[in-house]
Amino acid sequence: MVNVDLMARHLPALKRVSFRAVLAATGMAVLTGIAGSPASASPAAATAPEAKAVAKAFAAPATEAAAVQAKAVAAAPAAKPATKVPAAKKAEQSAKAPSSQQLMPAPVAEYQETFQPTAEQKRNAEVIIETGQKMGLPPRAWVIAVATAAQESTLRNLGDLGDMNDHDSLGLFQQRPSAGWGSPAEITDPVYSSKAFYNGLKNVEGYDKMALTDAAQTVQVSAFPNHYAKWEKLAANLVLAKYGQGPYAV
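Let us look at the structure shown here. (Residues numbered from 1 in each chain as written. Predicted model: local features only at pLDDT ≥ 70, side-chain atom pairs only at ≥ 80, totals over all residues. Heavy atoms only, no water.)

A closer look at the overall build of the protein chain
And then number 1: When its secondary structure is counted, the protein chain shows 12 helices and 0 strands.
And then number 2: Along the protein chain, helices (α) and strands (β) appear in the sequence α-α-α-α-α-α-α-α-α-α-α-α when read from the amino end.
And then number 3: Within the protein chain, the fraction of its 250 residues that count as buried is 36%.
And then number 4: Contacts spanning at least 24 positions in sequence make up 63% of the contacts within the protein chain whose residues lie at least 6 apart. (Helix = DSSP H or I, 4+ residues; strand = E, 2+ residues; numbered from the N terminus. Buried < 20%, exposed > 50% of the residue type's maximum accessible area, 1.4 Å probe, protein only. Contact = heavy atoms within 4.5 Å.)

Some details on the nonpolar core
What tends to happen in soluble globular proteins is that the nonpolar side chains get buried as a cluster.
And then number 1: Ranked by internal contacts, the top residues of the largest apolar core, which has 39 residues, are Ile128, Leu155, Tyr198 and Leu201.
And then number 2: Elements supplying a minimum of two residues to this core: helix 7 (119-134), helix 8 (139-153), helix 10 (190-202), helix 11 (212-220) and helix 12 (232-241).
And then number 3: With 9 residues, the top contributor of residues to this core is helix 8.
And then number 4: The residues touching isoleucine 128, leaving out its near neighbours within four places in the chain, are Ala145, Val146, Ala149, Leu155, Leu172, Phe173, Ser194 and Tyr198. (Core = buried A, V, L, I, M, F, W, Y, C linked by side-chain atoms within 4.5 Å.)

What to know about helix 7
And then number 1: Its 16 residues give helix 7 an end-to-end C-alpha distance of 22 Å, which sits within 8% of 22 Å, the value for a rise of 1.5 Å per residue.
And then number 2: Residues Gln121, Lys122, Asn124, Ala125, Val127, Ile128, Ile129, Thr131 and Gly132 constitute the buried set of helix 7.
And then number 3: On its buried face, helix 7 sits against helix 8, helix 10 and helix 12.
And then number 4: One or two residues past the end of helix 7 sits glycine 136, with phi positive at roughly 75°. (Expected span 1.5 Å × (residues − 1).)

With respect to the packing of aromatic side chains
How two aromatic rings sit relative to each other is set out by the distance from centre to centre and by the angle between their planes.
And then number 1: One pass over the structure, following the stated rule, counts 3 aromatic pairs.
And then number 2: With 4.9 Å between their ring centres and 15° between their planes, phenylalanine 173 and phenylalanine 197 make a pair best called stacked. Residue phenylalanine 173 is located in the loop between helix 8 and helix 9 (184-187), and its partner phenylalanine 197 is located in helix 10; the two are separated by 24 residues in the primary sequence.
And then number 3: Take phenylalanine 197: its relative accessible area is 0%, and that puts it in the buried class.
And then number 4: Geometrically, the ring pair formed by phenylalanine 197 and tyrosine 198 is edge-to-face, given 6.2 Å between the ring centres and 65° between the ring planes. Like phenylalanine 197, the residue tyrosine 198 is buried in the burial classification.
And then number 5: Joined through ring pairs, the aromatic side chains of Phe173, Phe197 and Tyr198 make up one cluster. (Phe/Tyr/Trp six-rings, centres within 6.5 Å; stacked < 30°, edge-to-face > 60°.)

Looking at the pattern of salt bridges
And then number 1: A full pass over the atoms with the stated rule returns 7 salt bridges.
And then number 2: The shortest N-O distance in the salt bridge between glutamate 130 and arginine 123 comes to 3.5 Å.
And then number 3: The class for arginine 123 is partly exposed, based on a relative accessible area of 40%.
And then number 4: Ionic pairing is found between lysine 242 and glutamate 130, a salt bridge with its closest N-O pair at 2.7 Å. Taken together, the residues span a long stretch of sequence, with lysine 242 in the segment after helix 12 and glutamate 130 in helix 7 at a distance of 112 residues.
And then number 5: A single network of salt bridges, built from pairs that share partners, joins Arg123, Glu126, Glu130 and Lys242. (Salt bridge = Lys/Arg side-chain N within 4 Å of Asp/Glu carboxyl O.)

Considerations on the side chain of arginine 140
And then number 1: Relative to the elements of secondary structure, arginine 140 occurs in helix 8.
And then number 2: A distance of 3.2 Å separates a polar atom in the side chain of arginine 140 from the backbone oxygen of methionine 210.
And then number 3: Every residue in contact with arginine 140, bar those within four places of it in the chain, is listed here: Gln102, Leu103, Met104, Pro105, Ala106, Tyr207, Asp208, Met210, Ala211, Leu212 and Glu232. (Polar contact = N/O pair within 3.5 Å; in protein donor to acceptor, adjacent residues only side chain to side chain.)

Quick notes on the environment of leucine 212
And then number 1: Within the secondary structure layout, leucine 212 lies in helix 11.
And then number 2: Along the sequence, leucine 212 and arginine 140 sit 72 residues apart, while their C-alpha atoms lie 8.8 Å from each other.
And then number 3: The contacts of leucine 212, once residues within four sequence positions are left out, are Arg140, Val143, Ile144, Ala147, Tyr228, Ala229 and Glu232.

Some words on helix 11
And then number 1: Counting buried residues in helix 11 gives 7 out of 9 residues, a clear majority hidden from the surface.
And then number 2: Three or more residues of helix 11 are buried, namely Leu212, Thr213, Ala215, Ala216, Gln217, Val219 and Gln220.
And then number 3: Buried-residue contacts for helix 11 involve helix 8, helix 10 and helix 12.
And then number 4: Positioned one or two residues after helix 11, valine 221 has a phi angle of 50°, which is positive.

A look at the environment of alanine 229
And then number 1: Note on placement: alanine 229 falls in the loop between helix 11 and helix 12.
And then number 2: You can call alanine 229 buried: its relative accessible area is 13%.
And then number 3: Along the chain, alanine 229 and alanine 147 lie 82 residues apart, while their C-alpha atoms are 7.6 Å from each other.
And then number 4: Look past the residues within four positions of alanine 229 in its chain and what remains in contact with it is Ala109, Gln112, Leu212 and Thr213.

Written out as structure tokens, the structure reads:
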């Protein structure tokens, strides 16, 4: 677009220049400012002194605008790289998930309960599973442990609940310091309490083939021995979630 005010300031010095010449020179100046190279002007326009004067007047604003634009681009924040899934996580999810036979080799109780686990509950389940994996125990052991914690604490790392507390029971597995499970600080450490449960489970002969509630009860010695069975499918699905499968997979 032609800058009329700027033309008005320079027209007195260009008395002999026709309006057509001014417009032609203006067009050349704008093109010159955009291209950023005086050599791009046509030879005929470049030889006219009047055209050069007008081109110089109009080139400055165009050049300044280009400089401002370039400065704005340079000051713009760099685009953030796309978030990548950690290699370890991808490898874990791509690993072969345990089969249903490995997770639930014995007949499953007909009555099952479930709940939508929170991020905290899922993380506690993951700690239980990962601890069993590091101890070299089979998937069946992970299912038994997660189901046991689901019954004892609904997968929450409980501290002392005061009047609501069951004796001195604490942590994911509601283990008792007075029964020799460890100190309160140890029992409320999810890794420690998981190891303690697995160490007890390893002493149960044939635990990996028996009914889940029988294996769990042998370790926990609960007043409600049959209550562990109802969490078996929930526990199996939480194990599958570690492999990117099942209803609780991310």
